[in-house]
Amino acid sequence: MSMTKHSQVAKRYAEALFATIVASDHAPASISEEIQQVISILEDSKVHSVFHHPKTAKKRKGELVKLMNVSPITESFLLLVVEKSREGLLPSIAYHFEQLVLEAQQTTIAEIVSAIPLAAETLENLTGRLQKLTNKTVRLATKIDPSIGGGLIIKLDGKVIDGSISHTLTQFRQSLVN
């Protein structure tokens, strides 16, 4: 199956889970947190080697799901994913589900890359400006990357604003060559 096919399948699962949760009056955000916890558990090397092993029976995988102690709605969903042999799609399903939850909450995540840690006041100002720009609640995910030299790289709603020094220098070099 191609990557786009995988993504489409994962998106359909995420949409079905989201619709089920909304219809049952559960909080989508809490289910999203549970799915992230499940993915963390499955990333543990010992659990991963058993859960994703081709010879591990679906019944055994189902028993592992039941041991995770998640809400009945999350457990039912995970058992369906195992039954349909789609457990490899869980990270992608979780990503699409999180996007649906954020959209429903009129929220977006801005990924901020800076060369040095930013002061709380700077982050607050940045959040305010991005909220005005998007008309959404903005949550920041910050990352430090000294290789950018300085400035910021902001990834927001599929767009990248690259104000890093390394990017500026690259553009300057290209303008000298041309």
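In this text the structure is predicted, and so the values were computed from the model without any measurement.

**Considerations on the overall build of the protein chain**
Part 1: Regarding its fold elements, the protein chain presents eight helices and four strands.
Part 2: Starting at the N terminus and walking to the C terminus, you meet the elements of the protein chain as α-α-α-α-α-α-β-α-β-β-β-α.
Part 3: In terms of C-alpha radius of gyration, the protein chain reaches 20 Å, well past the compact-globule figure of 16 Å for 178 residues.
Part 4: Structurally, the protein chain occupies a C-alpha span of about 60 × 35 × 30 Å along its principal axes.
Part 5: Put simply, the protein chain has 178 residues, and 33% of those count as buried.

**Concerning the sheet that holds strand E4 (residues 159-162)**
Part 1: With mixed pairing, the four strands of this open sheet are ordered in space as E2-E1-E3-E4. The open sheet has two edge strands, strand E2 (137-144) and E4, and neither has a second partner. Each adjacent strand pair in this sheet contributes to an overall mean axis angle of 20°, direction not counted.
Part 2: Strand direction decides the pairing type here: strand E3 (residues 152-156) and E4, joined by four bridges, are antiparallel. Residue pairing in the sheet places Lys155 in a bridge with Val160 of E4.

**Observations concerning the packing of aromatic side chains**
Part 1: Within the structure shown, the criterion is met by two aromatic pairs.
Part 2: Note on Phe18 and Phe97: the rings are 6.0 Å apart at their centroids and 65° apart in plane angle, and the pair reads as edge-to-face. Remark: Phe97 occurs in helix H6 (residues 90-104) and Phe18 occurs in helix H1 (residues 3-23); sequence separation between them is 79 residues.
Part 3: On the accessibility criterion, Phe97 (0% relative accessible area) is buried.

**Some words on unusual backbone geometry**
As a rule of thumb, non-glycine residues mostly have phi less than zero, and peptide bonds are mostly trans rather than cis.
Part 1: One non-glycine residue, Asp25, lies in the positive phi region at around 60°.
Part 2: Within the secondary structure, Asp25 is located in the loop between H1 and helix H2 (28-43).
Part 3: Of note, the phi angle at Asn69 is positive, near 55°, even though the residue is not glycine.
Part 4: As for its placement among the helices and strands, Asn69 is situated in the loop between helix H4 (58-67) and helix H5 (72-83).
Part 5: Classification of Asn69 by relative accessible area gives exposed; the value is 70%.

**Quick word on the environment of Pro91**
Part 1: Secondary-structure assignment places Pro91 in helix H6.
Part 2: Separated by 43 residues in the primary sequence, Pro91 and Thr134 place their C-alpha atoms 27 Å from one another.

What counts, and at which threshold
Residues numbered from 1 in each chain as written. Predicted model: local features only at pLDDT ≥ 70, side-chain atom pairs only at ≥ 80, totals over all residues. Heavy atoms only, no water. Helix = DSSP H or I, 4+ residues; strand = E, 2+ residues; numbered from the N terminus. Rg over C-alpha atoms; globule rule 2.2 N^0.38 Å. Buried < 20%, exposed > 50% of the residue type's maximum accessible area, 1.4 Å probe, protein only. Pairing = 2+ DSSP bridges. Axes fitted to C-alpha atoms, helices over the stretch in contact; angles between N-to-C directions. Phe/Tyr/Trp six-rings, centres within 6.5 Å; stacked < 30°, edge-to-face > 60°.

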